[in-house]
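As a plain string of letters, each chain reads:
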Amino acid sequence: MDSLTTLDGIALSALIARREVTASEVLEATIARVERLNPALNAVVHSHFDLARAQVDRGLPAGPLSGVPMLLKNTGFEAEGMILSTGSELLRNAVSTRDSTIVARYKAAGMVILGKSNTPEFALSFATEPAAFGPTRNPWDTGRSAGGSSGGSAAAVASGMVPLANSSDGAGSTRLPASHTGLFGFKPSRLVNPVGPAMAEGIAGMSTPHALTWSVRDNAAMLDVTGGADLGDPWASPAKPGTYRAAVDARPPRLKIAMLLTPPLGTPVDAEVLDQIRAAATLLEDLGHTVEEIDDAGYDAQALKAAWRVIAGVNVGLGVTGGDPASPNIDTLEPVNREWVREGLATPGTRYLWAVNQLHATARAMGHFFARYDAMLTPSAAVPAPELGVLSGEGKDLDTFFDLFWAHSPFTAVFNSSGCPAMSVPLGMSSAGLPIGVHLGAGFGQDALLFSLAAELEQAAPWADRRPPVFG
């Protein structure tokens, strides 16, 4: 049964459909692997194996991912009967009484939910090291970060606990952990995946749920399962051209790709990371695409950075306190988040509206950019996975922490502010044996195009057999 851990979700579900193995046997093998590996990695913080067994016992709907075990990120995703602590001591024992729309769609597709993966407190970090639940360790090197904020999901998939896991991305929180753990991470266009029923949007529309997977086809199949408007969504999501799974099997057109290697704010990028992006550019040219190096993408990066800080602080502050600056809940937060929430609660409405307008200005700029180019190629992260503690908020004031946060993944947040789709593709490795993700983004609604391009890269430079040491 342990050999099943190298299969992707579609292959695993096919075995179940052919009755070569049962969904119950797969679940028990998965639970055994989680129990064996999680003490060293701390990827799973709330196990709900009883609910997963009950889900299987009730019978699972048929589908390409039916019977596949998965985890939910411990931020923003409600599942009836499961804890949703958002990485915070404040909500350590909070239990959901309903399913989020996306979770209901997972269940309707027969996917089996085991519990919640680790996340930083309120997802406000690129390091999954919450004080309440401890750090998630990278399966490639347990002294290093798995990234954040979807770091628990990334470590669980990278170590073979589950073949795929749910994630969310507000500034790079799917793509950054994908880069650090050697996975494929995809951020869809805004509201292709719904965030209801409790929310109409997350952090002014920047937070986008989806998934971390080994294979491109699993990722596309998951978006087929969950994509589509929810009742009362404030915006229409882009129309889906057929299925995303079909896009994986379609060769992309020959693309004009802009390569941007200089971070918009001039922060440094590791030389090995740059080498891997240039190697990816060569591969893309070998596949028939045109790659042109550029110096600037044409948006105001300093304004975007400032706007993101305002919007995140106000939204988390409202969620934690209900808008009351005297709320005792603030005192339970980690110090850097306490400072961020207080800053958010003191922000005038005019400043918040200014910040939202910066997102719209960025979206306009990216619209003009993708009128000239089909895709943008950049690093996913400025460096390979750093050592634990480097990116955490412990012992740092907000200014220091936020500067580190922004410099670590300087190319990703523009795709959140604009709503455009983007992905991290695990093409590179450092000389120290750490994964390096290659980041590609496209214009709003061009999700299928990115899946086609990702599948072409996966075929040309396969990564499925490149596994961390926990696989032996």
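This is a predicted model, so every value here is computed, not measured.

### Things to note about the packing of helix α10 (residues 301–321) against helix α12 (residues 349–372)
Working step 1: Running from N to C, α10 and α12 point in directions that differ by 130°, and their axes come no closer than 9 Å. The orientation of α10 relative to α12 falls into the category oblique. In this structure, α10 crosses over α12, and the sense of that crossing is left-handed. Across from Ala303, Leu304, Ala306, Ala307, Val310, Ile311, Val314 and Asn315 in α10, the residues of α12 making contact are Arg351, Tyr352, Trp354, Ala355, Val356, Gln358, Leu359 and Thr362.
Working step 2: Looking at the contact of α10 with α12 residue by residue, the classes come out as 12 nonpolar, three polar and one charged.

### A look at the pairing of strand β5 (residues 141–145)
Working step 1: Bridge analysis of strand β4 (residues 137–138) against β5 gives two bridges, and the strand direction is antiparallel. Across the sheet, the residue bridging to Asn138 is Asp141, located in β5.
Working step 2: Hairpin connection of β4 to β5: two residues between the antiparallel strands.

### Quick word on the environment of Leu90
Working step 1: Locating Leu90 in the fold gives a position in the loop between β2 (69–73) and α4 (101–108).
Working step 2: For Leu90 and Glu121, which are 31 residues apart along the polypeptide, the C-alpha to C-alpha distance reads 9.6 Å.

### Some words on the side chain of Ser418
Working step 1: Along the chain, the position of Ser418 falls in helix α14 (residues 413–418).
Working step 2: Within the structure, Ser418 has its side chain in polar contact with the backbone oxygen of Val414 (distance 2.7 Å).
Working step 3: Within the structure, the side chain of Ser418 is placed 3.4 Å from the backbone nitrogen of Cys420, a separation counted as a polar contact.
Working step 4: In this structure Ser418 touches Arg190, Thr362, Ala363, Met366 and Phe444, once residues within four positions along its chain are discounted.

### A short note on the environment of Gly59
Working step 1: Its place among the elements puts Gly59 in the loop between α3 (49–57) and β2.
Working step 2: On the accessibility criterion, Gly59 (44% relative accessible area) is partly exposed.
Working step 3: Residues Gly59 and Leu449 lie 390 residues apart in sequence; the distance between their C-alpha atoms is 35 Å.

### With respect to the sheet that holds strand β7 (residues 184–187)
Working step 1: Spatially, eight strands are ordered β6-β8-β7-β12-β13-β11-β9-β10 in an open sheet, and the strand pairing comes out mixed. The sheet terminates laterally at β6 (164–169) and β10 (290–294), the two strands that pair on one side only. The average angle at which neighbouring strand axes cross in this sheet is 25°, direction not considered.
Working step 2: Of the pairings in the sheet, the one linking strand β12 (residues 422–429) to strand β13 (residues 435–442) comprises six bridges and is antiparallel in character. Across the sheet, the residue bridging to Ser424 is His439, located in β13.
Working step 3: Across the sheet, helix α7 (residues 216–226) touches β6, β7 and β8 (208–213), and the angle it forms with β8 is around 150°.

### Some details on unusual backbone geometry
Working step 1: Cis geometry is adopted by the peptide bond preceding Ser149, which originates at Gly148 and carries an omega value of 5°.
Working step 2: Among the secondary structure elements, Ser149 is positioned in the loop between β5 and α5 (151–158).
Working step 3: Each neighbour pair has its own omega, and for Gly196 with Pro197 the value is 5°, a cis peptide bond.
Working step 4: A positive phi is found at Leu191, a non-glycine position, where the angle reads about 65°.
Working step 5: Turning to its location among the elements, Leu191 is positioned in the loop between β7 and β8.
Working step 6: Even without glycine at this site, Ile203 takes up a positive phi of about 40°.
Working step 7: Relative to the helices and strands, Ile203 is located in the loop between β7 and β8.

Rules of the game
Residues numbered from 1 in each chain as written. Predicted model: local features only at pLDDT ≥ 70, side-chain atom pairs only at ≥ 80, totals over all residues. Heavy atoms only, no water. Axes fitted to C-alpha atoms, helices over the stretch in contact; angles between N-to-C directions. Helix = DSSP H or I, 4+ residues; strand = E, 2+ residues; numbered from the N terminus. Parallel < 35°, antiparallel > 145°, perpendicular 65-115°, else oblique. Left-handed = near helix turned anticlockwise from the far one by under 90°. Contact = heavy atoms within 4.5 Å. Nonpolar A, V, L, I, M, F, W, Y, C, P; charged D, E, K, R; others polar. Pairing = 2+ DSSP bridges. Polar contact = N/O pair within 3.5 Å; in protein donor to acceptor, adjacent residues only side chain to side chain. Buried < 20%, exposed > 50% of the residue type's maximum accessible area, 1.4 Å probe, protein only.

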